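Next come the chains, spelled out residue by residue.
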Amino acid sequence: MKDAVGSVATVAVFGAASDIAGETVRLLASQGARDVVLAARKSERLEPLAAGLRTEWGTSVRMIEFDADAFDTHDAVVADAFRGRDVDLVLVAFGVLGDQSAAEQDGEAAIGVVQTNFVGAVSVLVPVAERMRAQGHGTIVVLSSVAGERGRASNFVYGSSKAGLDAFCQGLGDRLHGSGVTVTVVRPGFVMSKMTAGMSPRPLSASTEDVADAIVAAVRSGRETVWVPPTLRWVMSALRHVPRSAFRRLDL
Amino acid sequence: MVVPAAKRPTVPEAAAAPALTPRLLTGWGRTAATLGYVSSPTSAQDVGRALGAAGSRGVVARGLGRSYGDPAQNAGGAVLDMTALTGIHRLDLEGRTVTVAAGTSLDALMRALVPSGLLLPVMPGTRLVSVGGAIAADVHGKNHHRDGGFADHVTSMVLMVPDGRRLVLTPDGTPDAFRATGGGMGLTGVILEATLRLLPIETSWISVDTERADDVDDLMERMAGSDHRYRYSVAWVDGTARRRGLGRAVLTRGDHAPIDALPASARRDPLRFDPKPLVGVPAGVPGWLLGAMATRAFNAGWYRKAPREEHARPRRMASFFHPLDAVANWNRLYGRRGFVQYQFVVPDGEEAALRGILERLAGYGHASFLTVLKRFGPGSGLLSFPIPGWTLAVDVPARPAGLGPLLDSFDRRVADAGGRVYLAKDGRMRPEAVSAMYPELERWRQIRAELDPGGLMRSDQARRLGLTDGPRLRASTGAVSR
C-alpha cells in the first residue's frame, strides 16, 4: 500500500514499453518502489529498462509477456502480476495511435485501434480492479488523452477509443470509491515520444518526464483527474463549448 | 477471570463470528487509508470465533486508533475493534494491582482509579489509548528514564493466539512470549486482559519545575545532569528555531505533589480527577492552517510565554500528562492529507546525530509543530522502542513531496547511531531500516511464528515492513548502512 507520505513499494505496468511508462517507473524506483512488474508484448525489449532499474536503484524487476489484443490471456497475466504480494500501483500505459487516414477507409485498421486502446484496457482493468478491491487498497493509473475530450476530424478513431476508456475509468473510480482503491485518469496533450515521432509538436505539448512527474504527484496526493500540462484543463473546458460549426473549422 | 493455558474454549458450531463491517481505516495521522472488515467482539468467545473465521488476509486487533501510522489496520482482512471489551475485572487495593479487559481506555481506568489514590505507573502522552494497545506498542511516559515502559508494569496478561487458545503470559513464567507481545505491535495474538501494577498517590497533582534552555546543548546538559532527580521529565522543543537558538526548549519536570503543596482550594478533594475536552476540531479543517508561518509563530510564542525558571508549581495531572487530550480530534488540524509523527531514539553519546536531525528539520520548509525531547532508560520487549538515551518526536504534515526521502535519510542516520524509530508512530519506514534498527527482530520472528504458525496475525504495517515474514535471515540490502 501507499505509505504515510504517499510512496508506493510494488508496481505493475501494463504496456511497459511505452516511453511514458519507462519514465514513470524510473521515477518511482528512484523514490523507493522496490518491486516492479513490467508487462509488454515482446517483453525482451524491456531488458534495457529492467537492467537500468536493477543497477541504479536495486529494484527487483520481473518482466512478463502481455499482448493487449489477446483478451483471453489477460486474467492469467493479471494474476501473474499480483502473484505473491500486494500491488500498490497499477499503471495501464499501452495504446496505439494508428494511422487516422488508413483507419477511416479500412475497417480492420480502425477496429485494431479501438480493440487495443479500449477493449484491451477494459479487459485488463476488470481483473485488476477485482484484485485491488480484494486487497483493500491500491491505485490504478490509466493513460487517457485530451483527444478523448471531444471528437476531432483529425484523430477521432484514436480519440474515441480514449473517450471510451476515460468514461469507463471515471465510472470504475466512482464504483470503487470507499474501497481503498483509487482510479486516476491521466489526460496528456501532445507528448513528444516515439508514439508521436515525426509529428510536429503542438502548443501546450509535454515531455514524457512531465507526464511521469504528474503521475507520481497524483499517486502521492490521490488526485483522480490529471491534465498534462495542467493548463489543458482550462483550454479543453473552453473548447468543449465551442459550437460544432466553429469547432470543425479549428485546425486542431 | 483467568483461564489456564492450553484449555481450548468451546466454540459451538452454530455460533457465528461477529458481523463484519467494511470500513476505511487510518491511524491517528490520517494517512494511507485501507479497507478492513471490522467486527466488534464483546466477549473472548467472539474473539475466538473471529480468529477462526479470518481468511487469508489475516486479522489484527485495534484499540482506540492512536497509533499514528498503519499498525492497527489490515487491508482486505479482518480488524477486531476491541473497544467493546472493557471493564475492570478485579481491583486489588492491597496488592495494588488491577485486572482489566484489553479494550479499556487509560482514560476510563484513571477516572476509576485516581479517586482511590492509585495511578498507572506509566502514562503516555494521551489517555485515549486502550490497555491492549498500550501493551502492544509498549508505550512510554515522561518517566521512562526511571520507571521503564508500560509492559514493565504488566504482571500478567491473557493472550488469545490464532488457534483459539488463551495463554497466560507472565514476565517470569513465559518470558519469550511475554517479551514478544509487549511491544509486538499486536502480531502475536489478541490481548484479552492484563493485570497492571499501580502506583499509590496522595493527590492528583504534579509539582512541576519549569526552566528554559537556550539551545539544544544547554537542554541536553540540564537533562543529563538532573533528570534522575525527577520522576517525570519532558522538554518541549521549539523545532522552528535555527542557528544559535537551535533546540531552545522549555523543560518541565516534576513529581507527585504531596497534599500540603496543593492550593488551599484543592486540599478538600485532593484526588479529584474529571478532565473534560475543552475544544474540538471540526472535520474538514484545511491543512494550510498549520502552515509554516503559524507553526513558527506558535512555537516562538510558546517559548516566550514559559517562565525562565519556576519551582514547585502544582499542576493538575491531566494538564501535565495529557495537554493535547483537551483538544478533541486535534489530528484534524493537519487537513485531508494528514501528518506524520517521527520519533526516534539514539543512545547516549550519539547526541551529534540528534542535533544533526534537529538542524535538518529546522531548515526544512515544513517545520514541526510539536517537538518533544525525553530521556529513556532500558527497554524490555524484543521490539520495544526504548533504549537508554535520547528520544525526539516531531510532527510534520504529510503533504510535501520531499518528506519521504528526508525521513529515509534520518532513518539511516538513526540506525548508524545504533538507534531506532518507534513502530507505533511509523507509517513509512522501509523493511531494511527496521532490520538494521531492531537487533532482536529475528528472535521475535521465531517466537511469533511459534505463537502464530499459520501467520494469521497481520497488519498493514507488518506487510509494509515484512515484520511477519518467515523466521529467516533476510539478505541485507545494505541500504541502511550505506
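Nothing here was measured: the structure is a model prediction, and the numbers come from that model. (Residues numbered from 1 in each chain as written. Chains lettered and ligands numbered in written order. Predicted model: local features only at pLDDT ≥ 70, side-chain atom pairs only at ≥ 80, totals over all residues.)

Before going further, it helps to examine the overall build of chain B. A tally of helices and strands in chain B yields 13 helices and 21 strands. A compact globule built from 482 residues would reach a C-alpha radius of gyration of about 23 Å, and chain B, at 22 Å, matches this within 12%. Projected onto the principal axes, the alpha-carbon positions of chain B cover approximately 65 × 60 × 45 Å. Counting the 482 residues in chain B, one finds 53% classified as buried. Counting only contacts in chain B whose residues sit at least 6 apart along the sequence, the fraction spanning at least 24 positions is 76%. (Helix = DSSP H or I, 4+ residues; strand = E, 2+ residues; numbered from the N terminus. Rg over C-alpha atoms; globule rule 2.2 N^0.38 Å. Buried ≥ 20, exposed ≤ 12 C-beta atoms within 10 Å, placed from the backbone. Contact = placed C-beta atoms within 7 Å.)

Turning our attention to the overall build of chain A. Each helix and strand in chain A was counted, giving nine helices and nine strands. Over its C-alpha atoms chain A spans a radius of gyration of 18 Å, differing by no more than 12% from the 18 Å that the globule rule assigns to 252 residues. A principal-axis box enclosing the C-alpha atoms of chain A has dimensions of 55 × 35 × 35 Å. Counting only residues that meet the buried cut, chain A has 48% of its 252 residues in that class. A fraction of 69% describes how many contacts in chain A between residues 6 or more apart in sequence connect residues 24 or more apart.

Two pairing modes exist for strands in a sheet, parallel and antiparallel, and in both the strands are linked by backbone hydrogen bonds. All names here are of chain B. Pairing is antiparallel across the open sheet formed by five strands, whose spatial order is E5-E6-E10-E8-E9. Strands at the two margins of the open sheet, each flanked by one partner only, are strand E5 (88-92) and strand E9 (166-169). For this sheet, the mean inter-axis angle between neighbouring strands, taken without regard to orientation, is 10 degrees. Where strand E8 (residues 154-160) lies against E9, four bridges are found, and the strand directions are antiparallel. Within the sheet, the bridge partner assigned to Met160 lies in E9 and is Arg166. (Pairing = 2+ DSSP bridges. Axes fitted to C-alpha atoms, helices over the stretch in contact; angles between N-to-C directions.)

All names here are of chain B. Its location among the elements puts Gly455 in the loop between helix H12 (441-451) and helix H13 (460-465). We classify Gly455 as partly exposed; it has 16 C-beta atoms within 10 Å. For the pair Gly455 and Thr181, spaced 274 residues apart in sequence, the C-alpha to C-alpha distance is 15 Å.

Right, let's talk about unusual backbone geometry for a bit. Along the chain, Val228 of chain A connects to Pro229 of chain A via a cis peptide bond; the corresponding omega equals -5 degrees. Here Pro229 of chain A shows up in the loop between strand E9 (225-228) and helix H8 (232-239). For Arg96 of chain B, which is not glycine, the phi torsion reads 55 degrees and is therefore positive. Structurally, Arg96 of chain B is set in the loop between E5 and strand E6 (97-101). You can call Arg96 of chain B partly exposed: it has 15 C-beta atoms within 10 Å. Its identity is not glycine, yet Arg243 of chain B carries a phi of approximately 50 degrees, on the positive side. Residue placement: Arg243 of chain B occurs in the loop between strand E13 (232-237) and strand E14 (249-256). For Arg243 of chain B, a count of 9 C-beta atoms within 10 Å translates into the label exposed.

So, about the interface of chain B and chain A. Reports often express the size of an interface as the amount of accessible area lost when the parts come together. If you look at the interface, chain B gives 23 residues, while chain A gives 19 residues. When residues of the side of chain B that touches chain A are traced back to their parent elements, those giving at least two are strand E2 (34-39), helix H10 (403-416) and H13 of chain B.

The subject of this paragraph is the sheet that holds strand E4 (residues 78-81) of chain B. Residue and element names in this part refer to chain B. The strand order across the open sheet formed by four strands is E1-E2-E4-E3, and the pairing between neighbours is mixed. The open sheet terminates on both sides in strands that have one partner only, identified here as strand E1 (21-25) and strand E3 (59-62). Looking at each pair of strands side by side, their axes are set apart by 40 degrees on average, direction ignored. With respect to the sheet, helix H1 (residues 44-53) is in contact with E2, E3 and E4, its orientation differing from that of E4 by roughly 170 degrees.

To continue, consider the confidence of the model for chain B. Residue and element names in this part refer to chain B. Averaged over all residues, the pLDDT of chain B equals 91, while 94% of them reach at least 70. In this model, residues 1-14 is a region of pLDDT below 50 whose contacts with residues beyond four sequence positions or in other chains number 21 contacts. The low-confidence segment residues 472-482 (pLDDT under 50) makes 13 contacts with residues lying over four places distant or belonging to another chain. ipTM for the predicted complex: 0.92, alongside a pTM of 0.92. (pLDDT = per-residue confidence, 0-100.)

Locating Pro162 of chain B in the fold gives a position in the loop between E8 and E9. Put simply, Pro162 of chain B and Pro453 of chain B are 291 residues apart on the chain and 8.6 Å apart in space, counted from C-alpha to C-alpha.

A separate point is the packing of helix H1 (residues 19-30) of chain A against helix H2 (residues 47-57) of chain A. Residues and elements named next belong to chain A. The N-to-C vectors of H1 and H2 enclose an angle of 15 degrees; their axes lie 10 Å apart at closest approach. The orientation of H1 with respect to H2, classified from their angle, is roughly parallel. Note on packing geometry: the crossing formed by H1 with H2 is right-handed. Across from Gly22, Val25, Arg26, Ala29 and Ser30 in H1, the residues of H2 making contact are Leu49, Gly52, Leu53 and Trp57. (Parallel < 35°, antiparallel > 145°, perpendicular 65-115°, else oblique. Left-handed = near helix turned anticlockwise from the far one by under 90°.)

For the rest of this paragraph, the subject is the pairing of strand E1 (residues 10-14) of chain A. All names here are of chain A. Of all the five residues making up E1, five are buried; the element is thus mostly covered by neighbouring parts of the structure. As judged from the five bridges shared by E1 and strand E2 (residues 35-40), these two strands associate in the parallel manner. Bridge pairing in E2 links Ala12 to Val37. Following the chain from E1 across H1 to the adjacent parallel E2, one finds a crossover that is right-handed. Sheet topology places E1 next to strand E4 (residues 89-92); four bridges connect them, and they run parallel. Among the inter-strand pairings, Val11 is bridged to a residue of E4, identified as Leu89. (Right-handed = clockwise from strand over helix to strand, strands pointing away.)

The next subject is the environment of Leu289 of chain B. Note on placement: Leu289 of chain B falls in the loop between strand E15 (279-280) and helix H7 (292-305). Distance from Leu289 of chain B to Leu333 of chain B, taken between C-alpha atoms, is 7.1 Å for residues 44 residues apart in sequence.

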